[in-house]
Amino acid sequence: MRIDSYIEKLLFDYNCVVVPGFGAFLAHGKSAEIDLATNTLVPPSKTISFNAQLSKNDGLLVSHISKEKNLRYEDMLQEVENIAKDWNSKLAQGESIELFGIGKLWHNSEQRIQFQPEEKINFLTSSFGLSTFAATPIQREVIKEEVEEMEERIPFIITPEKREQTSFRPWLKYAAVFLLAVSLGVTSYSTYGDFQQKEVAAQQDAQQEVSRLIQEATFFESAPLELPAININVTKKRLGKHHVIAGAFREEQNADKKVAQLKNKGYNAFYLGVNKYGLHQVAYDSFDEPKEALAFLRKVKAEDSRDAWLLSEK
């Protein structure tokens, strides 16, 4: 008869399972850990060890097997002790013992029992369903730092440009200016008379336009235009001190999406703001009375989300 399956089953519920006449298998709690070398996250678990000195029968294993097989306790105790004798004999002869789901036992050079636990099974019931997984490290942008390092290694040097000197002779510039002045004087003299006549006509047109604008302004002043008054009622939501929170998000756009989803469900959802941890909070509703807030929270947990919680302001 193999008893390793019964030992494995008991290790999920108990921290010590004694095999009478052989030794005890002990379960020790182990916290979650991160392997930085492989970026692997290991959930909480129980580690199994073996102690050959704890060989006195405590009745746990024998009682469990006798109930499972519906046999007398004394008969089962005798059978378990025979199995323990067989295991001790095999170890003394240099053989190893494989216990499925538990581990491997053998004798070292000093004739002491060595135990290698099985790593594939997690005996911690609270970690049921959790498995080891590798997390991908986040590669953050360092563009600014790289640009600063580049500027330090390769300084920018701006060289002023030199204008090329023209080969024209200086006296040509003075001759061109003289000719331009003569031509402008002749043209101005010939057009001076026409300019005076046009100026007088423009002044008369301007006076007529000003008189017309004054008459229009007087008409509107005597008959002012009255516009009807418009009354706009603006209602502002007054927040209470007790908020039923639906969630907190790192991105504000995710919080806006959550508000829209809750409003579609019929809730008076709104964006509450950023908390001290930098998260954008979304609330189902807000209340002045704590009893009303608690009653609404119980309703939300039953109908929409069990993750909702109550935030009360001081």
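In what follows, the accompanying structure is described. Please read all numbers here as calculations on a predicted model, not as lab measurements. (Residues numbered from 1 in each chain as written. Predicted model: local features only at pLDDT ≥ 70, side-chain atom pairs only at ≥ 80, totals over all residues. Heavy atoms only, no water.)

**With respect to helix H1 (residues 4-11)**
- Listing the buried residues of H1 in full gives Asp-4, Tyr-6, Ile-7, Leu-10 and Leu-11. Axial view of H1: buried residues confined to an arc of 160 degrees, hence all on one face.
- Contact partners of the buried residues in H1: strand E1 (16-19), strand E2 (23-30), strand E5 (45-51), helix H2 (60-69), helix H3 (73-92) and strand E6 (97-99). (Buried < 20%, exposed > 50% of the residue type's maximum accessible area, 1.4 Å probe, protein only. Helix = DSSP H or I, 4+ residues; strand = E, 2+ residues; numbered from the N terminus. Arc of directions from axis to C-beta. Contact = heavy atoms within 4.5 Å.)

**A closer look at the sheet that holds strand E10 (residues 242-249)**
- A sheet is described by the order of its strands in space; here four strands give the open sequence E11-E12-E10-E13, paired in antiparallel fashion. Single-partner strands in this sheet number two, and they are strand E11 (270-274) and strand E13 (309-312). Geometrically, the sheet is characterised by an average inter-axis angle of 45 degrees between neighbouring strands, direction not taken into account.
- The pairing of E10 with strand E12 (residues 280-287) spans seven bridges and is classified as antiparallel. Looking across to E12, one finds that Val-244 is bridged to Asp-285.
- In this fold helix H6 (residues 252-264) packs onto E10, E11 and E12, with an angle of close to 30 degrees to the strand it touches most, E12.
- Running over the sheet, helix H7 (residues 290-303) touches E10, E12 and E13 and is turned about 115 degrees from E12. (Pairing = 2+ DSSP bridges. Axes fitted to C-alpha atoms, helices over the stretch in contact; angles between N-to-C directions.)

**A word on the pattern of salt bridges**
- Summed over all chains, the structure comprises six salt bridges.
- Between Asp-75 and Arg-72 there is a salt bridge whose closest N-O contact spans 3.1 Å.
- Asp-75 sits in the partly exposed class, given a relative accessible area of 43%.
- Lys-90 is the partner of Asp-86 in a salt bridge, and the nearest nitrogen-oxygen pair spans 3.7 Å. Remark: Lys-90 and Asp-86 occur in helix H3; sequence separation between them is four residues, near one turn of the helix.
- Classification of Lys-90 as partly exposed rests on a relative accessible area of 34%. (Salt bridge = Lys/Arg side-chain N within 4 Å of Asp/Glu carboxyl O.)

**Some details on the packing of H2 against H3**
- Between H2 and H3, whose axes approach to 9 Å, the crossing angle comes to 120 degrees. Taken as a pair, H2 and H3 cross one another with a handedness that is right-handed. Where H2 abuts H3, its residues Val-62, Ser-63, Ile-65, Ser-66 and Lys-69 lie against Tyr-73, Met-76, Leu-77 and Val-80.
- Looking at the contact of H2 with H3, its residues break down into six nonpolar, two polar and one charged. (Left-handed = near helix turned anticlockwise from the far one by under 90°. Nonpolar A, V, L, I, M, F, W, Y, C, P; charged D, E, K, R; others polar.)

**Thoughts on the packing of H1 against H2**
- Contact pair H1 / H2: the axes reach a minimum separation of 10 Å and the direction vectors enclose 110 degrees. For the element pair H1 / H2, the angle class is roughly perpendicular. Of the two possible hands of crossing, H1 and H2 adopt the one that is right-handed. Residue-level inspection shows Tyr-6, Ile-7, Lys-9 and Leu-10 of H1 in contact with H2, the latter providing Leu-60, Leu-61, His-64, Ile-65, Glu-68 and Lys-69.
- Residue composition of the contact of H1 with H2, by class: six nonpolar, one polar and three charged. (Parallel < 35°, antiparallel > 145°, perpendicular 65-115°, else oblique.)

**A word on H3**
- Spanning 20 residues, H3 covers 29 Å between terminal C-alpha atoms, matching the ideal 28 Å at 1.5 Å per step.
- Of all the residues in H3, the buried ones are Met-76, Leu-77, Val-80, Ile-83, Ala-84, Trp-87 and Leu-91. Around the axis of H3, the buried residues are gathered within 125 degrees of arc, so they sit on the same side. For H3, exposure combined with an orientation more than 90 degrees from the buried face picks out Lys-85 and Ala-92.
- Check the buried side of H3 and you find it contacts H1, E1, H2, E6, strand E7 (103-107) and strand E8 (113-117). (Expected span 1.5 Å × (residues − 1).)

**Describing the sheet that holds E2**
- One open sheet holds the three strands; their spatial order is E1-E2-E5, and the pairing between them is antiparallel. Each having just a single partner strand, E1 and E5 make up the two edges of the open sheet. Each neighbouring strand pair of the sheet contributes to a mean axis angle of 20 degrees, computed without reference to strand direction.
- Here E2 pairs with E5 via seven bridges, running antiparallel. Looking at the pairing, Lys-30 lines up with Ser-45 of E5.
- Seen against the sheet, H1 touches E1, E2 and E5 and runs at an angle of roughly 160 degrees to E1.

**Some remarks on the environment of Lys-291**
- Among the secondary structure elements, Lys-291 is positioned in helix H7.
- Judged by its relative accessible area of 72%, Lys-291 is exposed.
- Separated by 49 residues in the primary sequence, Lys-291 and His-242 place their C-alpha atoms 9.6 Å from one another.

**Let's talk about the environment of Asn-82**
- The topology assignment puts Asn-82 in helix H3.
- Taking the C-alpha atoms as reference, Asn-82 lies 8.9 Å from Gly-21; in sequence the two are 61 residues apart.

**Some details on the packing of aromatic side chains**
- Inspection of every chain in the model, using the stated rule, returns eight aromatic pairs.
- Considering the side-chain rings of Phe-287 and Phe-296, the 5.2 Å spacing of their centres and the 50 degrees angle between planes classify their relative orientation as tilted. Each member of the pair Phe-287 and Phe-296 is classed as buried.
- Every member of this aromatic cluster is reached through a ring pair, and the members are Phe-22, Phe-25, Phe-50, Trp-87 and Phe-115. (Phe/Tyr/Trp six-rings, centres within 6.5 Å; stacked < 30°, edge-to-face > 60°.)

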